[in-house]
Amino acid sequence: MREKDHQDLASIITITTKERILERFAVLWEHQDLFIGEEALVNILDELQLVLVSRVQAEWFLRVPQQICRAWNSIVSENFHVALLPSSQR
């Protein structure tokens, strides 16, 4: 995450929601190199946890399309111990 983005997140979260941030990132995700996208996802979630003083929760991803949740599931599970999809949909 760029330093400017890192500094702005506390301000941004006052006018939007974590769900909308992740929904917007899902659009950007599809156009990123896989490694860069994975690193960005982990960074965004880390920063959201810090700003919100809350651990990542599956409910944060309700606005993210299912196909993106499938792609993110292993990353989020490995780094934050949260499953985005029921085991039957992974």
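What counts and how
Residues numbered from 1 in each chain as written. Predicted model: local features only at pLDDT ≥ 70, side-chain atom pairs only at ≥ 80, totals over all residues. Heavy atoms only, no water. Core = buried A, V, L, I, M, F, W, Y, C linked by side-chain atoms within 4.5 Å. Buried < 20%, exposed > 50% of the residue type's maximum accessible area, 1.4 Å probe, protein only. Helix = DSSP H or I, 4+ residues; strand = E, 2+ residues; numbered from the N terminus. Contact = heavy atoms within 4.5 Å.

Undergrad: So what's going on with the nonpolar core? Which residues, and what values?
TA: If you look at the biggest cluster of nonpolar residues, it comprises 25 residues, and the most contacted ones within it are L45, L48, F61, W72 and V76. If you list the elements that add at least two residues to this core, you get helix 2 (18–29), helix 3 (34–52) and helix 4 (66–80). Those residues in contact with V76 that sit more than four places away from it in its chain are L41, L45, V56, F61, H81, V82 and L84.

Undergrad: Describe in detail unusual backbone geometry, supporting the description with residues and values.
TA: Positive phi values are uncommon outside glycine, yet V53 reaches one of about 50°. Relative to the helices and strands, V53 resides in the loop between helix 3 and helix 4. V53 gets classed as exposed once you look at its relative accessible area, which sits at 74%. Here H81, not a glycine, exhibits a phi torsion of approximately 60°, which is positive.

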